[in-house]
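Survey of secondary and tertiary structure
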Amino acid sequence: MKSMVVIPAYNEEKSIYKVVKRVQNCGMKIDVVVVNDGSEDRTSEEARRAGAIVINLPLNVGIGGAVQTGYLYAVYHGYDAVVQIDGDGQHDPVDLPNLLSKLQNGEADMVIGSRFVEKSDYKPSFFRKLGILFFSKLISLLTGEKFTDTTSGYRAVNRKVMELFAKYYPSDYPEPETIVYLKRHGMKIKEIPTLMNERKTGKSSITPLKSVYYMIKVTFCLLLQDLKGV
Amino acid sequence: MSIYMVSFLVSVIFLIITLYFFKSRRLDFRYCIFFILLSVVLMVISFNVDWVEEAAKLLGVYYAPALLFAFALVFILSVIVYLAVFITNITKRVTRLNQEVAILKEKLEKYEEDRSHEDR
């Protein structure tokens, strides 16, 4: 199975080298594609130094657009599977073979690395926990299937899903919406337990005001998408 | 100068500005037509205020200018919604263009790198 890892990165010069190296040392042959979303620092150089394929977006398009670039690249280059990993080092590449094996044996079209399928040391803040719980319940209700970690950006998808993502991918806060989008297209989604590291460098871009916008935007998108049956 | 003359002159100035932007190719005809029509309607109304009063009576509006405000509000809101849809569409296209350019650039860099290796 021809596979690649896509890492969207915006101003991640401090962590991107290590993240790429860790993926390359995870024990399997896999291409690493870093989508540099118009960074103002040395993200592109650091990623290249680590040996990644680097796609430099001329302008900052936001997380959704950056991730979608990776899926587009995968479609154009005939990959069979894509794994999405954050550029800040929070996702552990040790779980990569496990995620891909579920795709390979046809158990799922998308596999989500969940922090909550099993008890883990990951302790989100009260509000983050509340948000995660809210979206998990809402999406479980809309899809009729149980999901524990709808905001996880650690995902592996097969060819069918990457083609769908190349056509449409939400521009911001995409993770919860894509689950409903894929279920509407009859895709199989599975969650498996993964470990989550603490953020090594930089800080989360989510501020309290953005959190409120995030909750409203995603809830609207989920409910309207469900109504439209897109 | 009466208020009717003032409103007529304002409409003419509005029309001239619209045509100026169209002539200098800063405004596309499909948007220009909105504003040309609006200017013409305003010019006609300026000298036919009784039409507005008749229309207000017909619709049961006691204060005729309120009807004008209501129409203006609906018009402005429609234009804003139309422009918001248009901007969303443009944003999507710019994003896709960006993505395609970035992927092509990567391909070109790889091709040039391979060629320079062959040359050596």
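The coordinates are above.
1. Points about the overall build of chain A
Counting its secondary structure elements, chain A contains eight helices and seven strands. Rg of the C-alpha trace for chain A: 16 Å, near the compact-globule value of 17 Å for 230 residues, within the 12% margin. Principal axes of the C-alpha set define a box for chain A whose edges measure 45 × 40 × 35 Å. Out of the 230 residues in chain A, the part that is buried amounts to 54%.

2. A closer look at the side chain of N158 of chain A
All names here are of chain A. Within the element layout of this structure, N158 appears in strand β6 (residues 155-158). For N158, the side chain forms a polar contact with the side chain of D109, separated by 2.8 Å. Residues contacting N158, with those up to four places away along its chain left out, are D80, L103, A108 and D109.

3. Description of the sheet that holds strand β4 (residues 81-84) of chain A
Residue and element names in this part refer to chain A. Spatially, β3-β2-β1-β4-β6-β5-β7 is the arrangement adopted by the seven strands of the open sheet, whose pairing is mixed. Because the sheet does not close on itself, it has two edges, and the strands there are β3 (53-56) and β7 (189-193). Averaged over neighbouring strand pairs, the angle between their axes works out to 20° when direction is ignored. Across five bridges, the pairing between strand β5 (residues 110-114) and β7 is parallel. When the sheet's bridge partners are listed, V111 is paired in β7 with K190.

4. Concerning a negative patch on the surface
A cluster of acidic residues, E113, D114, E118 and D119 of chain B, forms a negative patch on the protein surface. If you trace the backbone, E113 of chain B turns up in helix α4 (residues 64-119).

5. Concerning the nonpolar core
Residues and elements named next belong to chain A. Grouped together as the largest cluster of nonpolar side chains are 42 residues, with contacts concentrated most on F165 and L182. Counting residues per element, this core draws most heavily on helix α3 (residues 62-76), which supplies seven residues. Once you skip the residues sitting within four places of it in the chain, F165 turns out to touch Q68, Y71, M110, V157, T178, Y181 and L182.

6. Here's the deal with the packing of aromatic side chains
Any pair of aromatic rings gets described here by the distance separating the centres and the angle formed by the planes. What the rule picks out here adds up to 20 aromatic pairs over all chains. Ring geometry for Y20 of chain B versus F21 of chain B: centroids 5.8 Å apart, planes at 55°, classification tilted. F21 of chain B gets classed as partly exposed once you look at its relative accessible area, which sits at 32%. Linked through ring pairs, F14, Y31, F34, F35, F75, Y82 and F86 of chain B together constitute an aromatic cluster. Over the ring of Y17 of chain A we find R49 of chain A, and its NZ or CZ is 4.1 Å from the ring centre.

7. Re the pattern of salt bridges
What the rule picks out here adds up to eleven salt bridges over all chains. Between D149 of chain A and R115 of chain A there is a salt bridge, with the nearest N and O atoms lying 2.6 Å from each other. With a gap of 34 residues between them, D149 of chain A in the loop between α5 (126-143) and β6 and R115 of chain A in the loop between β5 and α5 connect regions that are remote in the sequence. Judged by relative accessible area, D149 of chain A falls into the buried class, the value being 0%. The shortest N-O distance in the salt bridge between R30 of chain B and D28 of chain B comes to 3.0 Å.

8. A few points about the side chain of E46 of chain A
In this structure, E46 of chain A sits in helix α2 (residues 43-49). In contact with E46 of chain A, other than residues within four places in its own chain, are E13, I16 and Y17 of chain A.

9. Looking at the interface of chain A and chain B
Residue-level contacts link 18 residues of chain A with eleven residues of chain B. Summed over both partners, the interface of chain A with chain B buries about 1200 Å², with 58% contributed by carbon and sulfur atoms. Counting the surface chain A buries against chain B, the share from its top three residues, P58, L72 and Y76 of chain A, is 30%. Seen at the junction of chain A and chain B, the total is one salt bridge. A salt bridge links R48 of chain A to E109 of chain B; the shortest N-O distance between them is 3.4 Å. Residue assignment for the side of chain A that touches chain B shows that the elements contributing at least two residues are β3, α3 and α6 (159-167) of chain A.

10. So, unusual backbone geometry
Of all residues except glycine, most have a negative phi; of all peptide bonds, most are trans. Despite not being glycine, Y173 of chain A has its phi angle at roughly 45°, a positive value. Take Y173 of chain A: it is sitting in the loop between α6 and α7 (175-184). The class of Y173 of chain A is buried, set by a relative accessible area of 14%. The backbone of R25 of chain B sits at a positive phi, close to 60°, despite the residue not being glycine. Following the sequence through the fold, R25 of chain B ends up in the loop between α1 (3-23) and α2 (29-47).

11. So, the environment of T194 of chain A
The residue T194 of chain A is located in the loop between β7 and α8 (208-228) in this model. With near-sequence residues (within four places) excluded, T194 of chain A lies in contact with D95, L99, G113, S114, R115 and Y154 of chain A.

12. As for the pairing of β6 of chain A
All names here are of chain A. The alternating pattern of β6 places R155 and V157 and A156 and N158 on opposite faces, both of which are buried. Where β4 meets β6, four bridges bridge the pair, whose relative direction is antiparallel. Note that in β6 the partner of V82 across the bridge is V157.

Definitions and limits used
Residues numbered from 1 in each chain as written. Chains lettered and ligands numbered in written order. Predicted model: local features only at pLDDT ≥ 70, side-chain atom pairs only at ≥ 80, totals over all residues. Heavy atoms only, no water. Helix = DSSP H or I, 4+ residues; strand = E, 2+ residues; numbered from the N terminus. Rg over C-alpha atoms; globule rule 2.2 N^0.38 Å. Buried < 20%, exposed > 50% of the residue type's maximum accessible area, 1.4 Å probe, protein only. Polar contact = N/O pair within 3.5 Å; in protein donor to acceptor, adjacent residues only side chain to side chain. Contact = heavy atoms within 4.5 Å. Pairing = 2+ DSSP bridges. Axes fitted to C-alpha atoms, helices over the stretch in contact; angles between N-to-C directions. Patch = residues over 30% accessible without salt bridge, like charges linked within 9 Å, V, L, I, M, F, W, Y side chains within 5 Å. Areas by Shrake-Rupley, 256 points an atom, 1.4 Å probe, with all protein chains shown as cover. Salt bridge = Lys/Arg side-chain N within 4 Å of Asp/Glu carboxyl O. Lys, Arg positive; Asp, Glu negative; His and termini not counted. Charge placed at Lys NZ, Arg CZ, Asp CG, Glu CD. Core = buried A, V, L, I, M, F, W, Y, C linked by side-chain atoms within 4.5 Å. Phe/Tyr/Trp six-rings, centres within 6.5 Å; stacked < 30°, edge-to-face > 60°. Lys NZ or Arg CZ within 6 Å of the ring centre and 35° of its normal. Buried area = accessible area lost by both parts, 1.4 Å probe.

So far we have only geometry, and geometry alone does not tell us how the molecule works.
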